[in-house]
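# Commentary on secondary and tertiary structure
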Amino acid sequence: MHICQILRSKSPEIFSVTPDHTMVEVLQLFRDRNIGFVVVGRSPGECLGTLSERDCCYAVAEYGSEAPLMRVGEIMNRTVATCSTEDFLPFVMSIMTERRTRHVLVMDGNDAVGVVSIGDVVKHRLEEALQAERDMHDYICGANYR
């Protein structure tokens, strides 16, 4: 399955914040929008880095009670995990595993066009497994056999 197929089944919106936002402001955005990842940039389409829930946890562990009021630009991840719309799902899964990240920014050339999360991966792998199970059941039972 190509990543572009996964993007078609979800909201194309990419949430972004500026480097001047505080961590607590981003955490409020995470809560309000039910997300766990933002792109950090000064203008629309720019990507200076990213910030995830995990990055916020690391910031609290490192900076303690100062972390919530720190600027995103100080704690963001500057090494952004990316993939192409034409990459296959197993390749993106390997990026997530090797980079120990739960989100991969999807690029179409130089443009960010979406985000694939570990939740998206699980959802699509589950759908594939359930379809394989139905197909095997139908084959064994002789139902819907062509």
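For every chain, the first residue of its written sequence is number 1, and the numbers climb from 1 along that sequence. Only residues with pLDDT of at least 70 are given local features in this predicted model, and only at 80 or more are side-chain atom pairs given and counted; all residues enter the totals for whole chains, interfaces and linings. Side-chain metrics in this entry use all non-hydrogen atoms of the structure; hydrogen atoms and water are not considered.

Now for the UniProt feature "domain: CBS" (unreviewed entry) in the chain. UniProt positions are given in the numbering used here, feature names are shortened, and annotations may be inferred rather than shown by experiment. As recorded in UniProt, the sites labelled "domain: CBS" (unreviewed entry) are residues 10-69 and 76-133. In this annotation, residues 76-133 is assigned 47% helix and 28% strand; the end-to-end C-alpha distance for the span is 42 Å. Note on conventions: DSSP H or I runs of at least 4 residues are helices, E runs of at least 2 residues are strands, and numbering of each starts at the N terminus.

Right, let's get into the pairing of strand β3 (residues 49-52). In summary, the side chains of a regular strand alternate between the two faces of the sheet. Side chains Gly49 and Leu51 of β3 all project onto a buried face; the interleaved residues Thr50 and Ser52 project onto the opposite face, where all are buried too. Note on pairing: two strands pair once DSSP finds at least 2 bridges between them. Bridge analysis of strand β2 (residues 37-40) against β3 gives four bridges, and the strand direction is antiparallel. If you follow valine 39 over to β3, its bridge partner there is threonine 50. For every residue, the accessible area (1.4 Å probe, protein chains only) is compared with the maximum for its type, and the residue is labelled buried under 20%, exposed over 50%, or partly exposed between those bounds.

Of note in this structure, asparagine 34 is not a glycine but carries a positive phi near 55°. For asparagine 34, the location among the structural elements is in the loop between α2 (23-33) and β2. Residues other than glycine seldom take positive phi values, yet arginine 100 does so here, at roughly 55°. Among the structural elements, arginine 100 can be located in the loop between α5 (89-99) and β5 (103-108). Residue arginine 100 is classed as exposed on the basis of its relative accessible area of 65%.

What follows covers the pattern of salt bridges. A carboxyl oxygen of Asp or Glu within 4 Å of a side-chain nitrogen of Lys or Arg is what we treat as a salt bridge. A full pass over the atoms with the stated rule returns four salt bridges. A salt bridge links aspartate 120 to lysine 10; the nearest nitrogen and oxygen atoms lie 2.6 Å apart. You can see aspartate 120 sitting in helix α6 (residues 118-141) and its partner lysine 10 sitting in the loop between α1 (3-8) and β1 (16-17), a full 110 residues away along the chain. Taking the relative accessible area as the measure of exposure, aspartate 120 reaches 14% and is therefore buried.

Axis definition: a line fitted to C-alpha atoms, over the contacting stretch in the case of helices. Angles run 0 to 180 degrees between N-to-C directions. It is the contact of α5 with α6, at a shortest axis distance of 11 Å, that shows an interaxial angle of 140°. Judged on the interaxial angle alone, α6 and α5 are oblique. Viewed along their axes, α5 and α6 form a crossing whose handedness is left-handed. Contact residues: Leu89, Pro90, Met93 and Met96 in α5; Ile118, Val121, His124 and Arg125 in α6. Throughout this description, any angle smaller than 35 degrees is read as roughly parallel, any larger than 145 degrees as roughly antiparallel, any in the 65 to 115 degree range as roughly perpendicular, and the remainder as oblique. By definition, any crossing whose near helix is turned counterclockwise from its far helix by less than a right angle is left-handed, and any crossing with a clockwise turn is right-handed. Should any heavy atoms of two residues lie within 4.5 Å, those residues are counted as being in contact.

What sets the pattern is the α-helix's 3.6 residues per turn: residues three or four places apart point alike. Buried within helix α3 (residues 53-63) are the following residues: Asp55, Cys56 and Ala59. Taken down its axis, α3 places every buried residue within 100° of arc, on the same side. Opposite the buried face of α3, at more than 90 degrees from it, the exposed residues are Cys57, Tyr58 and Ala61. Of the surrounding secondary structure, the elements contacted by the buried residues of α3 are α2, β3 and α4 (72-75). Here the arc refers to the directions that run from the helix axis out to each C-beta atom.

Turning next to α2. Restricting attention to buried positions, one finds in α2 the residues Met23, Val26 and Phe30. The buried residues of α2 all sit within an arc of 65° when viewed along its axis, so they share a single face. Residues of α2 that are exposed and point over 90 degrees away from its buried face: Arg31 and Asp32. Buried positions along α2 lie against β1, β2, β3, α3 and α4.

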